Amino acid sequence: QVQLVESGGGLVQAGGSLRLSCAASGNIFRIKTMGWYRQAPGKQRELVASITSGGSTNYAESVKGRFTISRDNAKNTVYLQMNSLKPEDTAVYYCNFMNLLGTSSWGQGTQVTVSS
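Residues numbered from 1 in each chain as written. Predicted model: local features only at pLDDT ≥ 70, side-chain atom pairs only at ≥ 80, totals over all residues. Heavy atoms only, no water.

(A) The arrangement of the packing of aromatic side chains in detail. According to the stated counting rule, one finds 1 aromatic pair in the structure shown. Lying over the aromatic face of Y94, R45 brings its terminal NZ or CZ to 3.9 Å of the ring centre. (Phe/Tyr/Trp six-rings, centres within 6.5 Å; stacked < 30°, edge-to-face > 60°. Lys NZ or Arg CZ within 6 Å of the ring centre and 35° of its normal.)

What follows is the structure in structure tokens.
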């Protein structure tokens, strides 16, 4: 069982930056993919960015060029650097770890609010 804890959310003005962190603990075993998802009120949860064990990254089209996902294997932590934030980025952001069996673990979520 893996426990994930997100941090780094908050309130920023448009154009500002935030860095989200997600630290994993527990039975961490051969994580295949780490990802960040977000969900705004009344909308479905969507993938923002992901990174594989091999270092390959994938981004939603809406955040390309603005967000960067990275990982620190020694610290069992995944990060999401968010620059040039827009009001439409406002959402609860969740981290996700998936192992080689396809089992996912989710964090509790951290609120990101971007003012106009």
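Let's pick the thread back up.
(B) Layout of the pattern of salt bridges. Applying the stated criterion to the full structure yields 4 salt bridges. Two residues, K64 and E61, come together in a salt bridge whose shortest N-O distance is 3.2 Å. The class for K64 is partly exposed, based on a relative accessible area of 47%. For E61, a relative accessible area of 62% puts it in the exposed group. The salt bridge involving R66 is made with D89; its shortest N-O contact spans 2.8 Å. You can see R66 sitting in the loop between strand 6 (57-59) and strand 7 (67-72) and its partner D89 sitting in the loop between strand 8 (77-82) and strand 9 (91-99), a full 23 residues away along the chain. Here the two residues R66 and D89 agree in accessibility, since each one is buried. Members of the salt-bridge network, linked through shared partners, are R38, E46, R66 and D89. (Salt bridge = Lys/Arg side-chain N within 4 Å of Asp/Glu carboxyl O. Buried < 20%, exposed > 50% of the residue type's maximum accessible area, 1.4 Å probe, protein only. Helix = DSSP H or I, 4+ residues; strand = E, 2+ residues; numbered from the N terminus.)

(C) Here's a closer look at the nonpolar core. In this structure, W36, V78, L80, M82 and Y93 are the most contacted members of the largest nonpolar core, which totals 28 residues. Broken down by secondary-structure element, the contributors of at least two residues to this core are strand 1 (2-7), strand 3 (18-26), strand 4 (31-39), strand 5 (46-52), strand 7, strand 8, strand 9 and strand 11 (110-115). Contact partners of L80, with chain neighbours within four places excluded, come to L18, R19, L20, W36, V48, A49, F67, T68, I69 and Y93. (Core = buried A, V, L, I, M, F, W, Y, C linked by side-chain atoms within 4.5 Å. Contact = heavy atoms within 4.5 Å.)

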